[in-house]
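Residue-level listing of the chains:
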Amino acid sequence: MYSISAMAIGTLISLMLFANGSLQMAFGASQSLVIIHATGTIVLIAILYLKRASFKVKEKINPYLFSAGALGVLLVFFNVTTVASIGLTLTIALGVIGQIIISSLIDHYGLFALEKRRGSFKKIAGFILIFAGIAVMAWPRG
């Protein structure tokens with residue numbers, strides 16, 4: 001079930017990046033960021049209303065977790081500017097490299113109070129194959 005959900009995330013990210021990149025080309029980076037986040041806020045308010053959800057803090061959380069909103073804005077900014085320059089496929093492929101590197105470090109060292117999940121030969125071999133495939137995609141055309 002989680003594998004299907006993860007693939008759905010990948011599909012949604014691709015569609016989102018396409019739409020974000022198209023908005024950037026039509027309006028520019030700054031205006032597209034406002035449009036994207038305003039639309040997202042409206043949809044979120046509708047979902048919260050339909051679910052009759054309220055904001056309840058269930059436990060004490062670290063203040064740094066509130067940086068997620070700022071990270072989201074930076075993520076969308078880099079995506080909209082990158083898609084316009086190098087295309088959707090390469091943007092996603094290079095983004096995967098960044099995700100693999102940082103998530104592997106977080107897992108390996110158990111950062112942010114997560115359970116440590118050490119690397120294995122199979123993981124490293126998989127990473128090498130992914131990196132090699134992306135390097136072929138990113139290789140300059142001659």
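Everything below is about the structure shown above.
Residues numbered from 1 in each chain as written. Predicted model: local features only at pLDDT ≥ 70, side-chain atom pairs only at ≥ 80, totals over all residues. Heavy atoms only, no water.

K.L.:
Would you take a moment to explain the nonpolar core for this structure?
P.N.:
A general feature of soluble globular proteins is that nonpolar side chains tend to end up buried together. Within the largest apolar cluster, five residues are counted, these being Ala29, Leu33, Ile36, Val76 and Val80. The set of elements that each furnish at least two residues to this core consists of α2 (29-51) and α3 (68-86). Broken down by element, this core gets its largest block of residues, three residues, from α2. Once residues lying within four places of it in the same chain are set aside, the contact partners of Ala29 are Gln24, Phe77, Val80 and Thr81. (Core = buried A, V, L, I, M, F, W, Y, C linked by side-chain atoms within 4.5 Å. Buried < 20%, exposed > 50% of the residue type's maximum accessible area, 1.4 Å probe, protein only. Helix = DSSP H or I, 4+ residues; strand = E, 2+ residues; numbered from the N terminus. Contact = heavy atoms within 4.5 Å.)

K.L.:
Can you help me understand the side chain of Ser32 in this one?
P.N.:
Positionally, Ser32 belongs in helix α2. Of the polar contacts made by the side chain of Ser32, one reaches the backbone oxygen of Gly28; its length is 2.9 Å. Among the polar contacts made by the side chain of Ser32, one reaches the main-chain carbonyl oxygen of Ala29 at a distance of 2.9 Å. Discounting chain neighbours no more than four positions away, the residues touching Ser32 are Leu23, Gln24, Phe27 and Val80. (Polar contact = N/O pair within 3.5 Å; in protein donor to acceptor, adjacent residues only side chain to side chain.)

K.L.:
Explain the pattern of salt bridges here, please?
P.N.:
Oppositely charged side chains can pair when the atoms bearing their charge come close. Following the criterion strictly, the structure yields one salt bridge and no others. The partner of Glu115 in a salt bridge is Arg117, and the shortest N-O contact between them spans 3.8 Å. (Salt bridge = Lys/Arg side-chain N within 4 Å of Asp/Glu carboxyl O.)

K.L.:
Before we go on, may I ask you to explain the packing of aromatic side chains in this structure?
P.N.:
Ring pairs (aromatic) are described by centroid distance and by the angle formed between their planes. In this structure the tally under the stated criterion is three aromatic pairs. Plain terms: the ring middles of Tyr64 and Phe112 are 6.2 Å apart, the flat faces sit at 35° to each other, and that makes the pair tilted. One end of the pair, Tyr64, is in the loop between α2 and α3; the other, Phe112, is in the loop between α4 (88-109) and α5 (121-138), and 48 residues separate them in sequence. Sitting above the plane of the Tyr49 ring, Arg52 keeps its charged end 5.3 Å from the centroid. (Phe/Tyr/Trp six-rings, centres within 6.5 Å; stacked < 30°, edge-to-face > 60°. Lys NZ or Arg CZ within 6 Å of the ring centre and 35° of its normal.)

K.L.:
Is there a simple way to explain the packing of α3 against α4 in this structure?
P.N.:
The geometry of a pair of packed helices is captured by two quantities: the angle between their axes and the separation between those axes. The contact between α3 and α4 brings their axes to 7 Å, and the two run at 125°. Between α3 and α4, the angle is such that the two are oblique. Where α3 crosses over α4, the handedness of that crossing is right-handed. Residues Asn79, Thr82, Val83 and Ile86 of α3 lie in contact with α4, whose contacting residues are Leu88, Leu90, Thr91 and Leu94. Residues belonging to the contact of α3 with α4 are distributed by class as follows: five nonpolar, three polar and no charged. (Axes fitted to C-alpha atoms, helices over the stretch in contact; angles between N-to-C directions. Parallel < 35°, antiparallel > 145°, perpendicular 65-115°, else oblique. Left-handed = near helix turned anticlockwise from the far one by under 90°. Nonpolar A, V, L, I, M, F, W, Y, C, P; charged D, E, K, R; others polar.)

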